[in-house]
Amino acid sequence: MSSASVVPPHGPDAAAADPGRTVGVRLSDAALQYGGVRLFDGLALTLPAGRTTALLGPSGVGKSTLLRLIAGLEAGDHARATVTCDDGRPLTGRVAYLAQRDSLLPWAGALDNVALGARLRGEPMGPARARAAALLAEVGLGDRLTARPGTLSGGMRQRVALARALMEDRPVILMDEPFSALDFLTRLRLQDLTARLLAGRTVLLVTHDPLEALRLGDAVHVLHGRPATLDAPLTPPGAPPREAVDPAVLALQAEVLRRLTGEDHAGGGGAP
Amino acid sequence: MMARVGRIGVTVAGLLALWHLAYVLNGRRDYLLPSPAQTLETAWRRLDTLWGHALVTYGEILLGLALGTALGVASALALVSWAPVRRWLMPVLVVSQAVPVFALAPLLVLWLGYGLASKVAMATLIIYFPVASAFLDGLRRTDPLWLEQARVMNAGRWATLRHIRIPAALPALASGLRVATAVAPIGAVVGEWVGSSAGLGYLMLHANARMQIDLMFAALALLAVFAVLLYFVVDATMRRLVPWQRETEAHDG
């Protein structure tokens, strides 16, 4: 499987990061507590290099926090974790983050939103704009370069956000319920696009949608219980994006639902 | 646009009719409340005098607006950029808001004289607080999600301030400026009442003392027209400055 990206990598860190373009990440000893309640403790999660890891769980179980711990966005005493990369270098600066809520800047056009990282780091804007325009064309918004987020639909906005995450050209991409606000069909289309564009990167996809996890994930973890624990991952067969009507996907969906609802899924249960 | 102009025309005509009605109900006592027609006639007859004083007051208001806005914006930026400045000056700013600025007018006239400076200072003070506090509020309420994005993108503090926090605070600054514009004429006129040798406030005070109520109303009308025009100009400018605000509201609504 070759990456579908037609946009060449760019930026000062491209050369440095190249040998380890795909990097595996390991989160260990993760703990989170709120108001004296232990949400999880001693949790470990591995994101294999170049693979998509999906993390499912009921709301409030702490799955977004787990993602934010990897992104380095959780500061404070309530949450802690150790994050290591399999190439031994720190993860800082090698992560792109696609947030749950639409995080585009309302005053900037689509192109400027995608090129935001370059602008913030003071990189030359000429090449950055050209690359941003190419990425927007790739997500199907080549004709809306100057459109401000307020004039775009929800699906278009998340496509701009996806282009912005790709623009950063980081080996690790963290997605926190990226499509939860979209209608079903738009969500399916965006999942296809995401699978195509993010192939070959190390991706963590946090979602509450079992179908989304099973369509995109190479490994699907379910986080549940209090304190929460991670099950052994499910590994749907075939390459993402899998068809929504794929019998294997549908069968695993039943298993995921069982795990999410917290029923005992150990074999040898009571027979009818 | 035409409909809007039409609505404004009807409103103005309605207000003038009410004024005239009040004049009739008041027994046509010109020394208490002159009619709109008479006010207009006086304004036309004394236009030279009025216009000379009006230019002084307009100048004070505009200078005050420019200075107050510049100082307010600069203070907000300083307060949000340097923690020590914030720790020391924030309480000063909050407490100083409680001081009635009008009570300072006699002092300002004493210190800065009867001329332009004391009125500009007065207008500046009145405009400064709404602008500074609104902009500061906007700068401190940046959506945390945008700041997190900037952090993941390895942005520096200044780049984040310039490309995210300041643009994000512009709608708040615009509201502050609208409030400031509405109160700006008060500062200039109060300054003129306390001590001056020119300006619409000065003219009104003297016309009042000589029972030239029609002249006083003409001066008041010139002040009101300017205040309304200024508000419309500032409001339109702010709309152009933050065009995304309406889009977002339209989306939410």
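Values in this document were obtained by computation on a predicted structure and should not be read as measured data.

Enquirer: Please explain the overall build of chain B as it appears in this structure.
Expert: For chain B, the count of helices and strands is 11 helices and 0 strands. Counted from the first residue to the last, chain B has its helices and strands arranged as α-α-α-α-α-α-α-α-α-α-α. In terms of principal-axis extent, the alpha carbons of chain B reach across some 70 × 50 × 30 Å. Going through the 253 residues of chain B one by one, you find that 42% of them count as buried. In the form shown here, chain B has an accessible surface area of approximately 13,600 Å², with 70% of it arising from carbon and sulfur atoms. With 20 positive and 13 negative side-chain charges, chain B shows a spacing of 5 Å between the two charge centroids.

Enquirer: What am I meant to see in the domain arrangement of chain A here?
Expert: How big an interface is tends to be stated in terms of accessible area lost as the parts join. All names here are of chain A. Parsing chain A into structural domains produces domain 1 (21-94 + 173-199 + 209-264) and domain 2 (104-169). With 11 residues of domain 1 at the interface, the matching set in domain 2 holds 10 residues. Together, the buried faces of domain 1 and domain 2 total about 860 Å²; carbon and sulfur atoms form 72% of this surface. Here domain 1 and domain 2 share 1 residue pair in polar contact (both at pLDDT 80 or more) between them.

Enquirer: What is the right way to read the sheet that holds strand 9 (residues 229-230) of chain A from this model?
Expert: Strands pair in a sheet through their backbones, by hydrogen bonds, and they do so in one of two ways: parallel or antiparallel. Residues and elements named next belong to chain A. Taken in spatial order, the 6 strands of this open sheet run 5-6-7-3-8-9, and their pairing is mixed. The open sheet terminates on both sides in strands that have one partner only, identified here as strand 5 (95-98) and strand 9. Where strand 6 (residues 172-176) and strand 7 (residues 202-207) come together, 5 bridges link them in parallel fashion. Considered in strand 7, the bridge of M175 is made with L205. Where helix 9 (residues 247-260) meets the sheet, it contacts strand 3 (52-56) and strand 8 (219-224), and its direction lies at approximately 20° from that of strand 8.

Enquirer: How should I be thinking about the interface of chain A and chain B in this particular structure?
Expert: On the chain B side, the residues contacting the 28 residues of chain A number 23 residues. Together, the buried faces of chain A and chain B total about 2,300 Å²; carbon and sulfur atoms form 62% of this surface. In this structure, the connection of chain A to chain B is made through 1 salt bridge. R68 of chain A is paired through a salt bridge with E148 of chain B; the nearest N and O atoms lie 2.7 Å apart. Applying the counting criterion to the chain A and chain B interface returns 7 residue pairs in polar contact (both at pLDDT 80 or more). Among the elements of the structure, strand 5, helix 4 (116-120) and helix 6 (154-167) of chain A are those that each provide at least two residues to the side of chain A that touches chain B. With 4 residues, the single largest contributor to the side of chain A that touches chain B is helix 4 of chain A. Across the side of chain A that touches chain B, the residue classes break down as 12 nonpolar, 6 polar and 10 charged.

Enquirer: Please explain the pattern of salt bridges as it appears in this structure.
Expert: Two side chains with opposite charge may pair up if their charged atoms get near one another. Residue and element names in this part refer to chain A. Inspection of every chain in the model, using the stated rule, returns 24 salt bridges over all chains. For R38, the salt bridge goes to D41, with nearest N and O atoms at 3.3 Å. Residue R38 is classed as partly exposed on the basis of its relative accessible area, which comes to 42%. The residue R129 makes a salt bridge to D112 at a minimum N-O spacing of 3.1 Å. With R129 in helix 5 (residues 125-138) and D112 in helix 3 (residues 110-114), this residue pair connects regions lying 17 residues apart in the sequence.

Enquirer: Teacher, can you tell me more about the environment of R259 of chain A here?
Expert: Residue and element names in this part refer to chain A. One can find R259 in helix 9. The exposure class of R259 is buried, given its relative accessible area of 10%. For the pair formed by R259 and D218, sequence separation is 41 residues and the distance between their alpha carbons is 18 Å. Here E255 takes part through its side chain, which lies 2.9 Å from a polar atom of the side chain of R259.

Enquirer: Explain the pairing of strand 1 (residues 25-34) of chain A here, please?
Expert: When a strand is regular, its side chains alternate between the sheet's two faces. Residues and elements named next belong to chain A. As judged from the 7 bridges shared by strand 1 and strand 2 (residues 37-47), these two strands associate in the antiparallel manner. Residue pairing across strands places Y34 opposite V37, the latter belonging to strand 2. Where strand 1 hands over to strand 2, the hairpin turn is made up of 2 residues, of which G35 adopts a positive phi near 50°. Here strand 1 runs beside strand 4 (residues 79-85); their pairing, made up of 6 bridges, is antiparallel. Residue pairing across strands places R26 opposite T84, the latter belonging to strand 4.

Enquirer: So what exactly am I meant to see when it comes to the packing of helix 3 (residues 47-81) of chain B against helix 9 (residues 200-209) of chain B here?
Expert: Geometrically, a packed helix pair is captured by the angle between its two axes and the distance between the axes. Residues and elements named next belong to chain B. In the contact formed by helix 3 and helix 9, the axes pass within 7 Å of each other and the chain directions differ by 135°. In terms of axis orientation, helix 3 runs oblique to helix 9. Along the contact surface, helix 3 presents T49, L50, H53, A54, T57 and Y58, while helix 9 presents L200, G201, Y202 and L203. Looking at the contact of helix 3 with helix 9 residue by residue, the class counts come to 6 nonpolar, 4 polar and no charged.

Enquirer: Whenever I open this one, the sheet that holds strand 2 of chain A confuses me. Can you help?
Expert: Residue and element names in this part refer to chain A. Reading across from one edge, 2-1-4 is the order of the 3 strands in this open sheet, with antiparallel pairing throughout. Strand pairing shows two members of the sheet lacking a second neighbour, strand 2 and strand 4, which therefore form its edges. Strand-to-strand twist across the sheet, computed as the mean angle between neighbouring axes with direction ignored, equals 5°.

Enquirer: Honestly, the nonpolar core in this entry has me stumped. Any pointers?
Expert: Side chains of nonpolar character tend, in soluble globular proteins, to be buried together. Core analysis: the largest hydrophobic core is formed by 61 residues, its most contacted members being L120 of chain A together with L50 of chain B. Top contributing element to this core by residue count: helix 8 (residues 157-194) of chain B, with 13 residues. Excluding residues that lie within four positions of it along the chain, L120 of chain A makes contacts with A150, M153, A155, G156, A159, T160, H163 and I164 of chain B. If you look at the next biggest cluster of nonpolar residues, it comprises 36 residues, including I173, M175, F179 and L190 of chain A.

Enquirer: I'm lost on the confidence of the model for chain B in this one. Help?
Expert: Close reading of the predicted structure is inappropriate where its pLDDT is low. Taken over all residues, the pLDDT of chain B has a mean of 90, while the share at 70 or more is 97%. Mean pLDDT in chain B bottoms out at helix 11 (residues 243-252) of chain B, which sits at 65, and peaks at helix 3 of chain B, which reaches 94.

The rules behind these values
- Residues numbered from 1 in each chain as written.
- Chains lettered and ligands numbered in written order.
- Predicted model: local features only at pLDDT ≥ 70, side-chain atom pairs only at ≥ 80, totals over all residues.
- Heavy atoms only, no water.
- Helix = DSSP H or I, 4+ residues; strand = E, 2+ residues; numbered from the N terminus.
- Buried < 20%, exposed > 50% of the residue type's maximum accessible area, 1.4 Å probe, protein only.
- Areas by Shrake-Rupley, 256 points an atom, 1.4 Å probe, with all protein chains shown as cover.
- Lys, Arg positive; Asp, Glu negative; His and termini not counted.
- Charge placed at Lys NZ, Arg CZ, Asp CG, Glu CD.
- Domains from an automatic or database assignment.
- Contact = heavy atoms within 4.5 Å.
- Buried area = accessible area lost by both parts, 1.4 Å probe.
- Polar contact = N/O pair within 3.5 Å; in protein donor to acceptor, adjacent residues only side chain to side chain.
- Pairing = 2+ DSSP bridges.
- Axes fitted to C-alpha atoms, helices over the stretch in contact; angles between N-to-C directions.
- Salt bridge = Lys/Arg side-chain N within 4 Å of Asp/Glu carboxyl O.
- Nonpolar A, V, L, I, M, F, W, Y, C, P; charged D, E, K, R; others polar.
- Parallel < 35°, antiparallel > 145°, perpendicular 65-115°, else oblique.
- Core = buried A, V, L, I, M, F, W, Y, C linked by side-chain atoms within 4.5 Å.
- pLDDT = per-residue confidence, 0-100.

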